Structures are given as structure tokens and as C-alpha cells.
Amino acid sequence: MKTKCHSVRLESLVSISDKAYKARAFDGSEAIIPKSQVFGHDYDVQKSEAYWISAWILEKKDIQYSTKKEAWFDENGNMQPSYHIEKHKAERKEPVNLEPHAELTK
């Protein structure tokens, strides 16, 4: 089973028991997050500490997060490759009929 996660920048993530973390975001919002729903550090973020947290638990908690950066993790906690497929439908253009230049048709 794969789990969708978001990269969440946190001011602090403190272990409060064997099964839970207390997370504090930069806006001061706090939430209790189960340890089973934290998939580790996001090492791509340089400015602050960021963690991969499952999307479904973030929707239930009142903590600041962004949905811009997401990843999928398997049951072993390994990040899976993810692809975003966007289809582009070009708008219809009418053909332009131009007369050939006289010097080029010699």
C-alpha cells in the first residue's frame, strides 16, 4: 500500500511518547502526529527542518502545511517515484495563406 505524503516545514517536532510527536509550525499552530505517519526528514529543504507527513493525517489536524511538494511512500517507508501527467490541448488555429515572395520563386 502506498501513502501520499506532503513535505511540511516545522519549527519543531518533539517526541512526546513512544507513539506520538508534537509538531509546531512557524505560525504557532500545533498538532499531535502519530509516529507511524511521519516518514522522515525531507533533506531537499535547506532553510529549515522539513518532514514527510502523510496527507490524510494533515487534513485532520489544524497545522500549517503546503500541498505543493508531495511524494508517495511504500509500506517500508521508501519513497516511490511519482509522475504528474498533464495533457495540453492546443487551440485551433486557422491556416495562413501567403503568396510566395517573387524573388524566391525564380
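Procedures and definitions
Residues numbered from 1 in each chain as written. Predicted model: local features only at pLDDT ≥ 70, side-chain atom pairs only at ≥ 80, totals over all residues. Heavy atoms only, no water. Phe/Tyr/Trp six-rings, centres within 6.5 Å; stacked < 30°, edge-to-face > 60°. Helix = DSSP H or I, 4+ residues; strand = E, 2+ residues; numbered from the N terminus. Buried < 20%, exposed > 50% of the residue type's maximum accessible area, 1.4 Å probe, protein only. Salt bridge = Lys/Arg side-chain N within 4 Å of Asp/Glu carboxyl O. Pairing = 2+ DSSP bridges. Axes fitted to C-alpha atoms, helices over the stretch in contact; angles between N-to-C directions.

Caption draft 1: View of the packing of aromatic side chains. Inspection of every chain in the model, using the stated rule, returns two aromatic pairs. Pairing F39 with F73 gives two aromatic rings, centres 5.1 Å apart and planes at 25 degrees, and the pair type is stacked. In this pair, F39 sits in strand β5 (residues 38-41) while F73 sits in strand β7 (residues 70-73), placing the two residues 34 residues apart along the sequence. On the basis of relative accessible area, F39 is assigned to the partly exposed category, the value being 22%. Overall, F73 belongs to the buried group, its relative accessible area being 3%. Taken together through their ring pairs, the aromatic side chains of F39, W52 and F73 make up a single cluster.

Caption draft 2: Fine view of the pattern of salt bridges. Enumeration over the complete set of coordinates arrives at six salt bridges. Across the pair E70 and K4 runs a salt bridge, and its minimum N-O distance is 3.5 Å. Of the two residues, E70 is situated in strand β7 and K4 in strand β1 (residues 3-10); the sequence distance between them amounts to 66 residues. Note on K4: relative accessible area 32%, which makes it partly exposed.

Caption draft 3: View of the sheet that holds strand β3 (residues 20-24). The strand order β2-β3-β4 describes an open sheet built from three strands, whose pairing is antiparallel. The open sheet terminates on both sides in strands that have one partner only, identified here as β2 (12-15) and β4 (30-34). The mean inter-strand angle of the sheet, taken between neighbouring strand axes irrespective of direction, is 25 degrees. In this sheet, β3 lies alongside β2 in antiparallel orientation, the contact comprising four bridges. For V14, the partnering residue across the bridge sits in β3 and is K22.

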